Amino acid sequence: MAPPVSGFKLNENGIPDFEDLPLRKTDPHRAAWGLYGDKDELGTLNRLTDERVAAAAKNEIKTGHRISLNWPLDAQPKSSFFQRQVFHQELIRKDPRIVNDDVWTFNSQVSTQWDGLRHFAYQREKLFYNGVTMEDIHGVGEDGKKATVNGIHAWAEQGIVGRGILIDYHSWRLSQPNPKPYDSFESLSIPLEDLQACLEAQGTEVKFGDILFIRSGFMATYATKPAPFVSAHQSVIPHHFGGVERSESILEWIWSHFSAVAGDQPSFECWPAPPDSPFSLHEVLLAGWGCPIGELFDLEKLAEYCKAQGRWSFFVSSEPCNVPGGVASPPNVLAIF
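Residues numbered from 1 in each chain as written. Predicted model: local features only at pLDDT ≥ 70, side-chain atom pairs only at ≥ 80, totals over all residues. Heavy atoms only, no water.

Regarding the environment of glycine 43
Moving on, step 1. The topology assignment puts glycine 43 in the segment before helix H1 (50-60).
Moving on, step 2. Given the relative accessible area of 1%, glycine 43 is considered buried.
Moving on, step 3. Sequence separation of glycine 43 and tryptophan 155 is 112 residues, and the distance between their C-alpha atoms is 9.8 Å. (Helix = DSSP H or I, 4+ residues; strand = E, 2+ residues; numbered from the N terminus. Buried < 20%, exposed > 50% of the residue type's maximum accessible area, 1.4 Å probe, protein only.)

Written out as structure tokens, the structure reads:
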């Protein structure tokens, strides 16, 4: 983890205020390029300092109970959202010995995933985090080998580890006297005011540097849908999904509190972004701040356990795959209580 470079006005949490973004006025919308140096590849993960991780372990790990947040890699067996290659396992007998090997092939975003910094650029400017271009990503490095700039391997060194909080929006919404309409398979937004109301109802404190998980209800809804419905939805381009609203207020809230964000839906934010939208969350979070976006996290068992315990905070341990130059990765993630 790296401290901010000198020359920027920082607040009590060691980051610039949201209204001071972009840090350089010629940079794209709300970009924080250069905050940790022009070569930084950790972005908001720099907030997960040793001290913050140690405090999270001390305060959150009480019983040692562990819950996986990983959807099976083969959860989309025949076709997938966003037309990604599905998981395939080749099982290999090593005759004459009584031994087996296997070979896995799959798109790194076909199941639970962290979107990395090579995934999504500012679309108008065509620039990734810290001004990296498509040519930089698909080019050759100074050593003559394929370039690895902004690769997922940078996150694998120390993982995505710290205090996590769950906003169980799905349960909260259904508990209201007159639940707001929401459909995981329509382009409907979850407003910030509802997320904050859910946090208040849960009694969950947000701490700077937290890893945010939002249970929108996608996984619960997906489990009720017959295969023909899912297949038909996958065939419509662009896909339509419910998710977090696109707004300046949600950006300010994320910037001011979190080191990474994740949800149970395929796109985290409401999708698709209208053609005239001034920005998407993917642009600002990934390309602007280097903030990991997690998608298709299986939060069902976590939500059930949190409700039973009356506690929606926990320790998170996630180790992305160490793939030099990787675009995304399964999170290999556990919530620990």
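Overview of unusual backbone geometry
Trans peptide bonds make up the majority, and among non-glycine residues the majority have a negative phi.
Moving on, step 1. The peptide bond linking isoleucine 237 to proline 238 adopts the cis configuration, its omega dihedral lying at 0°.
Moving on, step 2. Assignment of secondary structure puts proline 238 in the loop between helix H7 (227-235) and strand E8 (243-244).
Moving on, step 3. Here tryptophan 271 and proline 272 are connected by a cis peptide whose omega angle stands at 5°.
Moving on, step 4. You can see proline 272 is positioned in the loop between strand E9 (258-263) and helix H9 (281-289).

Here's the deal with the nonpolar core
Moving on, step 1. Judged by nonpolar contacts, the single largest core of 82 residues is most densely connected at Phe213, Trp253, Trp289 and Leu302.
Moving on, step 2. Leave out the neighbours within four places in its chain, and leucine 302 touches Ile67, Leu69, Leu166, Phe314, Ala335 and Phe337. (Core = buried A, V, L, I, M, F, W, Y, C linked by side-chain atoms within 4.5 Å. Contact = heavy atoms within 4.5 Å.)

Remarks on the state of the cysteines
Moving on, step 1. Tallied over the entire structure, the rule returns 0 disulfides.
Moving on, step 2. A disulfide-free cysteine, cysteine 198 has its sulfur positioned 11 Å from the sulfur of cysteine 306, the nearest such atom.
Moving on, step 3. Relative accessible area serves as the criterion here: at 1%, cysteine 198 is assigned to the buried category.
Moving on, step 4. Cysteine 306 sits in the buried class, given a relative accessible area of 0%. (Disulfide = S-S within 2.5 Å.)

Regarding the sheet that holds strand E1 (residues 66-68)
Moving on, step 1. The sheet built from 9 strands is open, its strands ordered E1-E13-E11-E5-E7-E9-E10-E4-E12 with mixed pairing. If you trace the sheet from one side to the other, it starts and ends with E1 and strand E12 (328-329), each paired once.
Moving on, step 2. Pairing of E9 with strand E10 (residues 293-295), which is carried by 2 bridges, proceeds in the parallel orientation. In the sheet register, alanine 262 faces E10, and the bridge partner there is glycine 294.
Moving on, step 3. Strands strand E5 (160-167), strand E7 (210-214) and E9 of the sheet are contacted by helix H8 (residues 248-257), whose axis makes an angle of about 125° with E9. (Pairing = 2+ DSSP bridges. Axes fitted to C-alpha atoms, helices over the stretch in contact; angles between N-to-C directions.)

What about the side chain of glutamate 269?
Moving on, step 1. For glutamate 269, the position within the fold is in the loop between E9 and H9.
Moving on, step 2. Reaching out from glutamate 269, the side chain makes a polar contact with the side chain of arginine 246 at a distance of 2.8 Å.
Moving on, step 3. A distance of 3.0 Å separates the side chain of glutamate 269 from the backbone nitrogen of leucine 281, its partner in a polar contact.
Moving on, step 4. In contact with glutamate 269, not counting residues within four places along its chain, are Gly242, Gly243, Val244, Arg246, Ser280, Leu281 and His282. (Polar contact = N/O pair within 3.5 Å; in protein donor to acceptor, adjacent residues only side chain to side chain.)

Details of the environment of proline 181
Moving on, step 1. Following the sequence through the fold, proline 181 ends up in the loop between helix H4 (169-175) and strand E6 (189-190).
Moving on, step 2. The class of proline 181 is exposed, set by a relative accessible area of 75%.
Moving on, step 3. Taking C-alpha positions, proline 181 is 13 Å from glycine 243, a pair spaced 62 residues apart along the chain.
Moving on, step 4. Apart from the residues within four sequence positions on either side, proline 181 is in contact with Arg173 and Leu188.

Quick look at the pairing of E9
Moving on, step 1. Taken across its 6 residues, E9 has 6 buried, putting it largely inside the fold.
Moving on, step 2. Strand direction decides the pairing type here: E7 and E9, joined by 5 bridges, are parallel. Counted as the bridge partner of leucine 212 is valine 261 from E9.
Moving on, step 3. Taken together, E9, H9 and E10 form a β-α-β motif whose crossover is right-handed. (Right-handed = clockwise from strand over helix to strand, strands pointing away.)

Brief notes about helix H5 (residues 192-202)
Moving on, step 1. Along H5, the residues that are buried comprise Leu192, Asp194, Leu195, Cys198, Leu199 and Gln202. Viewed end-on, H5 has its buried residues packed into an arc of 165°, placing them on one side of the element. Residues of H5 that are exposed and point more than 90 degrees away from the buried face comprise Glu193, Glu200 and Ala201.
Moving on, step 2. Looking at the buried side of H5, the elements it contacts are E5, H4, E6, E7 and H8. (Arc of directions from axis to C-beta.)

Side note on the packing of aromatic side chains
Moving on, step 1. In total, this model carries 23 aromatic pairs according to the counting rule given.
Moving on, step 2. With 5.1 Å between their ring centres and 65° between their planes, tryptophan 114 and phenylalanine 297 make a pair best called edge-to-face. Of the two residues, tryptophan 114 sits in strand E4 (residues 113-115) while phenylalanine 297 sits in the loop between E10 and helix H10 (300-309), which places them 183 residues apart along the sequence.
Moving on, step 3. Judged by centre distance (6.3 Å) and plane angle (55°), the ring pair of phenylalanine 185 and phenylalanine 241 falls under tilted. (Phe/Tyr/Trp six-rings, centres within 6.5 Å; stacked < 30°, edge-to-face > 60°.)

Quick word on the packing of H5 against H8
Moving on, step 1. Contact geometry for H5 and H8: axes closest at 9 Å, N-to-C directions at 40°. Relative to H8, the element H5 lies oblique. Contacts between H5 and H8 pair Leu192, Leu195, Gln196 and Leu199 from the former with Ser249, Ile250 and Trp253 from the latter.
Moving on, step 2. Here the residues of the contact of H5 with H8 sort into 5 nonpolar, 2 polar and no charged. (Parallel < 35°, antiparallel > 145°, perpendicular 65-115°, else oblique. Nonpolar A, V, L, I, M, F, W, Y, C, P; charged D, E, K, R; others polar.)

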